[in-house]
Each structure stands twice: as C-alpha cells, then as structure tokens.
Amino acid sequence: MSWGTDLWDQFDNLDKHTQWGIDFIERYAKFVKERLEIEQTYAKQLRSLVKKYCPKRPKDDEPSFRLKAETGEYMLGVSSRPSQIPFTSCLSFYSILNELNDYAGQREVVAEEMGHKVYGELMRYSQDLKGERKHHLQEGRKTQQYLDQCWKHMDNSKKKFERECKEAEKSQLFYDKLDNDINATKSEVEKAKSQLYLRQHMAEESKNEYAAQLQNFNSEQWKHFNVAIPQIFKNLQDMDERRTVKLGEMYRCFAEVERRVIPIISKCLEGMVTAAKNVDERRDSGIVVESFKSGFEPPVDFPFEDFSQNIQRTGSDGTIGTPKTEGGKPDPKHAVGRTKNKLWLFGKKPKAPTLEDFSHLPPEQRRKKLQQRIEELNKELQKEMDQRDALNKMKDVYEKNPQMGDPGSLQPKISETICNMEKLRSEIHKNESWLAEVEGKHGSRSERRPSADVNHHAPHGRESPEGSYTDDHSQEHRSPPQPDPHEFDDEFDDDDPLPAIGHCKALYSFDGSNEGTLVMNENEVLYVIEEDKGDGWTRVRKQGGVEGYVPTSYVEITLEKNSKGS
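Analysis parameters
- Residues numbered from 1 in each chain as written.
- Predicted model: local features only at pLDDT ≥ 70, side-chain atom pairs only at ≥ 80, totals over all residues.
- Heavy atoms only, no water.
- Helix = DSSP H or I, 4+ residues; strand = E, 2+ residues; numbered from the N terminus.
- Buried < 20%, exposed > 50% of the residue type's maximum accessible area, 1.4 Å probe, protein only.
- Contact = heavy atoms within 4.5 Å.
- Areas by Shrake-Rupley, 256 points an atom, 1.4 Å probe, with all protein chains shown as cover.
- Salt bridge = Lys/Arg side-chain N within 4 Å of Asp/Glu carboxyl O.
- Axes fitted to C-alpha atoms, helices over the stretch in contact; angles between N-to-C directions.
- Parallel < 35°, antiparallel > 145°, perpendicular 65-115°, else oblique.
- Nonpolar A, V, L, I, M, F, W, Y, C, P; charged D, E, K, R; others polar.
- Pairing = 2+ DSSP bridges.
- Patch = residues over 30% accessible without salt bridge, like charges linked within 9 Å, V, L, I, M, F, W, Y side chains within 5 Å.

Participant: For this particular structure, what's the right way to read the overall build of the chain?
Facilitator: Within the chain one finds nine helices and seven strands. Across the 566 residues of the chain, 30% fall into the buried class. Look at the contacts in the chain between residues 6 or more apart in sequence, and 71% of them connect residues 24 or more apart. For the chain, the exposed surface amounts to about 37,800 Å²; the carbon and sulfur share of it is 52%.

Laid out in structure tokens, this is it:
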C-alpha cells in the first residue's frame, strides 16, 4: 500500500522533529545549568577572597591596621593593643570588601533563581513533553495498526471470494462434462450437481463477506485520514508550538533574573566609589606622624679633636688654637655612644630564634604553646597505650592458644610501642616542667600528676603500678611487663570454652588472613564470647566450635540481657 508507506514516512518525520525539539530544550537546560554553576563558583570565589582579606572584627567592630615593630610593615588586621590606627584607606578598603561580599550574595541569588525558575522548570517541562509526545505517537501507531488490520481482513475475504469463485467454475465445468457424457451414471451426475450447488453457495457467502469487509475498510479508512490522523497531527503541532512558547518564556525569565539584581549591584558599585572618595591622604599621614613620633633629639656636632697640641708652636704661627674641653681632653667615645642608638632609625631588629621551650615568647603566649604541645603529646601517648593494650591482648590469646599464632612475633612491636610511650612521657614531663615554671609552680613532678595518667588508666593485667612503667626518667633500661602465665587459664581453657554472651550476624565477608582471626561469610550467624575491648576486634565462635577474632564493624551484635551477670 503506497498510502501506508507515505503515512509512515510522515510519522517518522514528525517523530524526528518532536524529538529534536525535546533535545533542544534539554540542551538549553544544560546551558542554564552550566551558567548557574559558573555563577555559584564565581560567588564562592568572591566570598573566599573577601574572607581572605577581611580583617577580624574587634569588639568595637572597627577595622584597623597594626604596625609590626620588628619589620616596620603595615599588616591588615586588628590589634588588641590600644594603639589602633584607623586609616581612611583601611576603612575604605574594608567598605569595599563589604560591598564585594554583598555583590557575591547577589550572584548567589542569580544562581538560585536560575536553578529554580529556569533550569528546574525546563527539566519538569521536558519530562511532561516526553510523556505527551509518547502518547500522541502511540495513538497514531494504534490508529495505523487498526487500519492495517481492517485492510488485511478485507484482503483475506477478497482472496477467499476469488478462490470460491474459481472452485465454483471448476464444479460447473465438471458437472457439464458429466451431464454430456452418456457413459456417466446418474449417481455421478447427481453428486457433481450437489457439489456445484455447494460451491456456488460458498462463493455467494464469500461474496457477501467480502462486500461487508470492503465497506468496513472504506469507512475506517475515511475516518483514519479525515478524523484520526488530522487530530493526531494537530495535537503534535500544538505540542510543538507550546514548546516554542515555553522556550521564549524561559529566555525572558533568564534575562529577568539577571535584570532584577542590577539595581542592587549598582548600589554595591556606588558604595565602592563612595569608599574610594573617602580616602584622605592628609589624615592618614597625620595619623602616622602622631602615632610614631620618635622623640629623638638631633645629635650634637662632633667636636674637633686636635692631636697636635703636644707640638710646640712659635709665636709667629698664625694658627687658631682649638679650644679645650672641660677637663682637658674631649671624650669622643661618650659623644659617639650617646648618639649611636639614635642615628639608625631604619635598622632592622634581629629576629629572635625559635626555642624548644618557647622562652622567646611572652609568658602568656608561651603558656598557650606549652599547653597545646602537652595536649598533642597526651593524644599521641593515648594512641600508643591503646596499641600496646591491643598487642598485649593478642599476645595473651596466642599464649593460651598457640594454634592461633606465635606470641614471639608480637614482642618487637610491643617493645617499640613501650619505647615510644617512654619518649612521649619524657616529653610530657619536660613540657610540664616548663609550664609549671611559667605558671610560677616550682613543685616537683611528684606533686603534679600527668594528665595522661589521670585520663587514661592502664588495663588490669597489662601494667602494674610497681612494674617497669614508672615515671623515673633516670632509669635507662626498661622491659615490658611479663604477663602471668596462669592469669587467663580460666578464660582460655580449651576443655571448658567460654559461654556465649550473645550472637552476631556477619554484615560482610572476612577472609581471616591474619593469625588469630576467623573466616566468616556474609549473613553468617556466630556466637559472641567476648566483647570488643576498644581495639576493634570481637571474639566469636562458629557452630563447629572454632573460635577467633573478627572486626567489630563487620558484624551486627545482639547481646543477651543477662550477659553481664553470666
């Protein structure tokens, strides 16, 4: 059917055009998204720039410059000293930073409005447009398929009618042949005649069916080309026109978002111009003169030193004698020393070296620095203590269950951890002594407990107060504490296993590659026989009785209510 091919070509063209329209909307939406991302990045960078150069606000909220006495450089900031210098150039710059911060806020408003009113609306409309387009194209395909089905029914009835007519003609020829044959019997003639009547009747029924199908097809074809297809084309046309109108509205909204912030941006720029006009060079220079008067008096003239006084002169000599100073001889060293410190006004003061005890700093700054260092050392000491406890625990497990691992393999790491702890304690003791000196407390270390010993107590069975972990720093050789071989006999007796205090479910698989660990699969249920003691490992037992450690974060633990009592 040539008309069917042409119609499908039209549908294909409309399909491509409407898809292109949706793609164009999404392309424009992507453009808007990238534009608002540029605005967001621009605003973020502007705010970072303002934060970088904006001085901290003092209590009186007045920006100022402070003069560094060491280098003579003006640094933007706020001084806690009363000698604050409110330069007009500084105040203007601070005003410009405020205006720039407001300008960055307007760029954020532009990005937010574009994201909400333009980009978000375009994405929602694009989804609606896709659904409407799909609906219209499906209606067109259904209508075309229904017409094709009617045509197939009509064509099948036509072919059937043609076949029945041919069969009826054959029956007519066969009947005529037997009727003219004198050798044919009467029964054969009657049989051929009945067959002829049957074929003629079937041909008549096929004719009626063909006529009905033809009439139905012609009716559906007229509806298809005069009602259904024009309506579908009109719906697609309306949809495409609405898409074009929507794009125009989004173009206008895109510009309106920018135009609405122009008055505020103009005020920000006017504020910057006003701040620039407020710069007064006379006032700034007058402030510098008043703030940094040296009070130095101009040096006196150097006296003339006459080294020829011991030479005898004749009375005819017409030289002018140099008057002597009071006391006989001038004191050039005194004159030079008196003015020495007043001549070099622009000399740089040497920078004091940074010392370990911060003794080069003022007392308050030194106290803060020492406190900060002590806190950091205490944190490091706590980490080392936790690591030592975990290693000792694993060592005890290995000693009670040799099949889980070799206890000797952990000894080098334990010794290294203990050595690190002693070094940290020595550093803490030294810094606390300096801190006590700053605070005026000259008592010995025995009168002040280290913060690490107050906050962190050694676990039972790992370190004893009388053991090798002592505060006596004069002791050079320290050995790690040796655990009692019979201390955990009841806890790790293979003949009498520990009772389960709960159960756990494996959230992830664990390979158990390290010694003393247990292989488990995801969703496997295990018995909990020992809780996590802070080292990140939980001791569990499988259904077959195999015990080992698994990561606590890999399992979901459910403890029994009476587990603590048991």
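Participant: Please clarify how the environment of Val261 should be interpreted in this entry.
Facilitator: By the secondary structure assignment, Val261 is in the loop between helix 3 (186-260) and helix 4 (262-277). A relative accessible area of 5% means that Val261 is categorised as buried. Sequence separation of Val261 and Tyr103 is 158 residues, and the distance between their C-alpha atoms is 9.4 Å. Residues within four places of Val261 in sequence aside, it is in contact with Gln106, Val109 and Val110.

Participant: Is there a simple way to explain the pattern of salt bridges in this structure?
Facilitator: Between side chains of opposite charge, pairing is possible as soon as their charged atoms come close. Considering all chains together, one arrives at 30 salt bridges under this definition. The shortest N-O distance in the salt bridge between Lys159 and Asp155 comes to 3.3 Å. Of this pair, Lys159 and Asp155 both sit in helix 2 (residues 88-180), four residues apart, which is roughly one turn of the helix. On the basis of relative accessible area, Lys159 is assigned to the partly exposed category, the value being 42%. Across the pair Glu209 and Lys160 runs a salt bridge whose closest N-O atoms are separated by 3.8 Å. With Glu209 in helix 3 and Lys160 in helix 2, this pair connects stretches of sequence that are 49 residues apart. Exposure remark for Lys160: the relative accessible area of 34% places this residue in the partly exposed category. Salt bridges sharing partners connect three or more residues here, namely Lys393, Glu530, Lys533, Arg539, Arg541 and Glu547.

Participant: What should I look at first to understand the packing of helix 2 against helix 4 in this one?
Facilitator: Describing two packed helices takes the angle between their axes plus the distance from one axis to the other. With their axes 9 Å apart at the nearest point, helix 2 and helix 4 run at an angle of 170° to one another. When the axes of helix 2 and helix 4 are compared, the pair comes out roughly antiparallel. Here Ser92, Ser95, Ile96, Glu99, Leu100, Asp102, Tyr103, Gln106 and Arg107 of helix 2 come into contact with helix 4, specifically with Ile264, Ile265, Lys267, Cys268, Gly271, Met272 and Ala275. In the contact of helix 2 with helix 4, the residues fall into eight nonpolar, four polar and four charged.

Participant: Would you mind going over the sheet that holds strand 3 (residues 502-506) with me for this structure?
Facilitator: In any sheet, the strands associate via hydrogen bonds between backbone groups, in a parallel or an antiparallel arrangement. Reading across from one edge, 6-5-4-3-7 is the order of the five strands in this open sheet, with antiparallel pairing throughout. The outermost strands of the open sheet, each flanked by one partner alone, are strand 6 (547-551) and strand 7 (555-559). Geometrically, the sheet is characterised by an average inter-axis angle of 40° between neighbouring strands, direction not taken into account. Summarising the sheet, strand 5 (residues 537-541) and strand 6 pair through five bridges and their orientation is antiparallel. Bridging from a neighbouring strand, Trp537 pairs with Pro551 of strand 6.

Participant: How should I be thinking about a nonpolar patch on the surface in this particular structure?
Facilitator: A contiguous nonpolar surface patch, about 310 Å² in accessible area, is contributed by Trp20, Phe24 and Tyr251. Structurally, Trp20 can be placed in helix 1 (residues 2-53). Taking the relative accessible area as the measure of exposure, Trp20 reaches 49% and is therefore partly exposed.

Participant: How should the packing of helix 2 against helix 3 be read in this particular structure?
Facilitator: Their axes nearest at 6 Å, the elements helix 2 and helix 3 cross at an angle of 170°. Relative to helix 3, helix 2 is oriented roughly antiparallel.

Participant: It is not clear to me how the pairing of strand 5 should be interpreted in this structure. Could you clarify?
Facilitator: In the case of a regular strand, side chains alternate between the two sheet surfaces. In terms of burial, strand 5 is largely enclosed, as four of its five residues are buried. In this structure, strand 4 (residues 525-530) lies alongside strand 5, joined through three bridges in antiparallel fashion. When the bridges of strand 5 are listed, Tyr527 appears paired with Arg541. Turn length for the strand 4-strand 5 hairpin, with the two strands adjacent in sequence and antiparallel, is six residues, and the turn residue Gly534 shows positive phi of about 105°. Counting the residues that bridge the hairpin from strand 5 to strand 6 gives five residues, and of these Gly545 lies at a positive phi of roughly 100°.

Participant: Which parts of the structure should I look at to understand unusual backbone geometry?
Facilitator: In the Ramachandran plot, Asn523 falls in the positive-phi region, its phi being about 70° despite a non-glycine side chain. Mapping Asn523 onto the fold places it in the loop between strand 3 and strand 4.

Participant: So what exactly am I meant to see when it comes to the side chain of Ser157 here?
Facilitator: Structurally, Ser157 is set in helix 2. In this structure Ser157 touches Ser206, Glu209, Tyr210 and Gln213, once residues within four positions along its chain are discounted.

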